[in-house]
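Secondary and tertiary structure notes
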Amino acid sequence: MAGVCVIGLGVLLLLDATGTLELRFAVLAPAACAALGAILVASGMTRPR
Amino acid sequence: MRVRTYWVPGFFNEANPESSTRYTGTSSSTSKLVRPLATPLRVAATAIRASPRGHSQLAKPLCEGILEAMNETTQELPPEPAPRRLVRVQSGRVIGGVCAGLGRYFKLDPIIFRIGAIVLVFAGGAGLLAYLAAVLLIPAEDSVGEPAGRNRWLVIVGVIVLLCITWPFLLGGGLLVAGLLIPFAFLVAAGVLVWWFVSGEGPAGDAGDVAKRAALGIAVLCVCGFIALGGAWAAAAGGETVVAIAVIAAGVAILAGAFVRPVRWLVLPAVTLALSAGAVSAAGIDLDGGVGERDYRPASVTELRDTYELGMGELIVDLRHTDLPAGDVPMAIDLGIGEARVIVPDDVCVATDAEVGIGEARTFELDNGGIDVDLEDLPEADSGVTRLLVRADVGIGALRIGHAGTDLDLDQGHFDFGPDGDQSLGRNLACAA
């Protein structure tokens, strides 16, 4: 899950760098919150016991 | 309190010769009963104990019924330790006996408290105030080491006077301590949480373990800070593609690690890199153009650049002395971080299309600020009138476009907020109604 989220953020950056997408805070902020939330959820689910 | 203890030796107990039983009581009647018999019976019991013939047969008829008197002992239990009292001691004191009393109370060398008090005296006088308060509040010991009586009203009046005198210092000291402690507490909490996320080790264990994890987490935070700076700088310098590929590669490694060997530690640096570069891209920060202050005063339209570019700093385009032709005159401003000002003559109409990542954009009477700021003002101009088409892109900072003779005018020697707390940039009156 965390890997997928990081890849998603990287793809977002790549789209902005290539001009396909205009990255703005209105896009980045929800994407970042969603990615961080998913990573935290995945981290909690896979925490070593 | 006098407590009487009766030991019934085990050799009088046939069932369990090795055991003894202890009775403790304060019954005065029992004491009166057994005390006269105690000594002769103790002698007899000693003889029985030493007898090689076996003690049970001899002892039982001899001592049955009065076993409890055999080993009567009267003893003074060790007195309960007196509660520790914090007093200002007489012996070994230097001034008021406060530090010596603290040393005795905490079983530490008083020099520790003296050094602390002196340090606090030089730290805004808090040590002096604390010492005075301690003299008032901590009772002095008398000649036998007990707290001496105090005049209650004298203490109350003294404390009130002390508070009246010192409340500004106390408030300032409290704010100073809070100002230091609260950020430190946040830092420690962040360190613990980060280490918890990175390693899975929560804030359990003793204080040493928690402190160790907080320190490791803070170290990870520092590393992530450097990664964020590097990612932001790379993205602002035009290396966003490289950063994006690095983030994707890290994500693939994390994904693969989930099936082979988890690389949990890689998540935080990868996310930090992605978000820092993403923030720079979202703000539109471009460090092309250098850093510093740029002041352009073109004299004619031929000297007017298509794009005025600055990475970080202050960018001024002063068009007051520029001979601008009638019709549309395009001009672009690209500023990464900082402030851009455009000063135009009164007879020039200005059409603006501006984007500011984080900050403010102002053109004459229009104002917009915040995040992802868009300001579009595209008025028409009559024929024969110059219309300056300004397309501005500011990452973080401010864009201001106004007329000469306003607060934007540098030649007036000021660029300050007006008396009403706002800036006057003039009015865009050259445009068609």
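Described in the following lines is the structure provided in the data block. Predicted model only: the values in this text are computed from it and were never measured. (Residues numbered from 1 in each chain as written. Chains lettered and ligands numbered in written order. Predicted model: local features only at pLDDT ≥ 70, side-chain atom pairs only at ≥ 80, totals over all residues.)

Quick word on the overall build of chain B
- Along chain B, the regular secondary structure elements total nine helices and nine strands.
- Going through the 433 residues of chain B one by one, you find that 29% of them count as buried.
- Partitioning the contacts of chain B with sequence separation of at least 6, the portion at a separation of at least 24 is 61%. (Helix = DSSP H or I, 4+ residues; strand = E, 2+ residues; numbered from the N terminus. Buried ≥ 20, exposed ≤ 12 C-beta atoms within 10 Å, placed from the backbone. Contact = placed C-beta atoms within 7 Å.)

With respect to helix H8 (residues 240-257) of chain B
- Helix length check: H8(B), at 18 residues, gives a terminal C-alpha distance of 25 Å against a target of 26 Å (1.5 Å per residue), a fit within 8%.
- Taken together, the buried positions of H8(B) are Glu240(B), Val243(B), Ala244(B), Val247(B), Ile248(B), Ala250(B), Gly251(B) and Ile254(B). Buried residues in H8(B), looked at end-on, bunch into an arc of 160°, giving them a common side.
- Those residues of H8(B) hidden inside the fold are in contact with helix H1 (2-17) of chain A together with helix H7 (207-236) and helix H9 (267-283) of chain B. (Expected span 1.5 Å × (residues − 1). Arc of directions from axis to C-beta.)

With respect to the interface of chain A and chain B
- At the junction of the two partners, chain A supplies 24 residues and chain B supplies 27 residues.
- Within the residue set of the side of chain A that touches chain B, elements represented by two or more residues are H1 and helix H2 (25-45) of chain A.
- The greatest single-element share of the side of chain A that touches chain B, amounting to 13 residues, is contributed by H1(A).
- Of the residues that constitute the side of chain A that touches chain B, the class distribution is 18 nonpolar, three polar and three charged. (Nonpolar A, V, L, I, M, F, W, Y, C, P; charged D, E, K, R; others polar.)

Looking at the packing of H1(A) against H8(B)
- Direction vectors running N to C along H1(A) and H8(B) enclose 165°, while the axes themselves pass 7 Å from each other. Relative to H8(B), H1(A) is oriented roughly antiparallel. Considering the relative orientation of H1(A) and H8(B), their crossing is left-handed. For the pair formed by H1(A) and H8(B), the contact residues are Ala2(A), Gly3(A), Val4(A), Val6(A), Ile7(A), Leu9(A), Gly10(A), Val11(A), Leu13(A), Leu14(A), Asp16(A) and Ala17(A) on the first element and Glu240(B), Thr241(B), Val243(B), Ala244(B), Val247(B), Ile248(B), Ala250(B), Gly251(B), Val252(B), Ile254(B) and Leu255(B) on the second.
- The residue inventory of the contact of H1(A) with H8(B), partitioned by class, reads 17 nonpolar, four polar and two charged. (Axes fitted to C-alpha atoms, helices over the stretch in contact; angles between N-to-C directions. Parallel < 35°, antiparallel > 145°, perpendicular 65-115°, else oblique. Left-handed = near helix turned anticlockwise from the far one by under 90°.)

A short note on the environment of Thr307(B)
Residue and element names in this part refer to chain B.
- Along the polypeptide, threonine 307 turns up in strand E5 (residues 307-318).
- The exposed category is assigned to threonine 307, around which 12 C-beta atoms lie within 10 Å.
- Threonine 307 sits 24 residues away from methionine 331 along the chain, and the two C-alpha atoms are 6.0 Å apart.

Concerning H1(A)
- The end-to-end C-alpha separation of H1(A) is 23 Å, in line with the 22 Å expected for 16 residues at 1.5 Å each.
- Listing the buried residues of H1(A) in full gives Ala2(A), Gly3(A), Cys5(A), Val6(A), Ile7(A), Leu9(A), Gly10(A), Leu12(A), Leu13(A), Asp16(A) and Ala17(A).

Notes on the pairing of strand E4 (residues 291-296) of chain B
Residue and element names in this part refer to chain B.
- In terms of residue burial, E4 counts as a barely covered element, since only zero of its six residues are buried.
- Looking at chain direction, E4 and E5 are connected through six bridges and run parallel. Bridge pairing in E5 places aspartate 295 opposite isoleucine 316. (Pairing = 2+ DSSP bridges.)

Some words on the pairing of strand E9 (residues 386-403) of chain B
All names here are of chain B.
- Of all 18 residues in E9, 14 are buried, a share of seventy percent or more.
- Relative to E9, strand E6 (residues 327-344) is paired through 17 bridges, and the arrangement is parallel. Pairing of isoleucine 337 across the sheet is with isoleucine 396, part of E9.
- Direction of pairing for strand E7 (residues 348-363) relative to E9: parallel, over a ladder of 15 bridges. Within E9, the residue paired with threonine 363 across the bridge is isoleucine 401.

Topic: the nonpolar core
- Formed by 69 residues in total, the largest nonpolar core has its most connected members in Val6(A), Leu9(A), Leu13(A), Val247(B), Ala270(B), Ala274(B) and Val390(B).
- No other element matches the 11 residues that H9(B) contributes to this core.
- Filtering out sequence-adjacent residues up to four positions away, Ala270(B) remains in contact with Val6(A), Val247(B), Ala250(B), Gly251(B) and Ile254(B).
- Grouped together as the second largest cluster of nonpolar side chains are eight residues, Val87(B), Val98(B), Ala100(B) and Leu102(B) included. (Core = buried A, V, L, I, M, F, W, Y, C linked by C-beta atoms within 7 Å.)

Brief notes about the environment of Met1(A)
All names here are of chain A.
- With respect to the secondary-structure elements, methionine 1 resides in the segment before H1.
- You can call methionine 1 partly exposed: it has 17 C-beta atoms within 10 Å.
- Note: C-alpha distance between methionine 1 and leucine 40 (39 residues apart in sequence) is 9.6 Å.
- In this structure methionine 1 touches Ala38, Ile39 and Ala42, once residues within four positions along its chain are discounted.

As for the packing of H8(B) against H9(B)
Residue and element names in this part refer to chain B.
- One can describe the packing of H8 onto H9 by two numbers: an axis separation of 10 Å at closest approach and a directional angle of 155°. Taken together, the axes of H8 and H9 lie roughly antiparallel to each other. Both H8 and H9 take part in a crossing whose hand is left-handed. Two secondary-structure elements touch here, H8 through Glu240, Val243, Ala246, Val247, Ala250, Gly251 and Ile254 and H9 through Val267, Ala270, Leu273, Ala274, Ala277 and Ser281.

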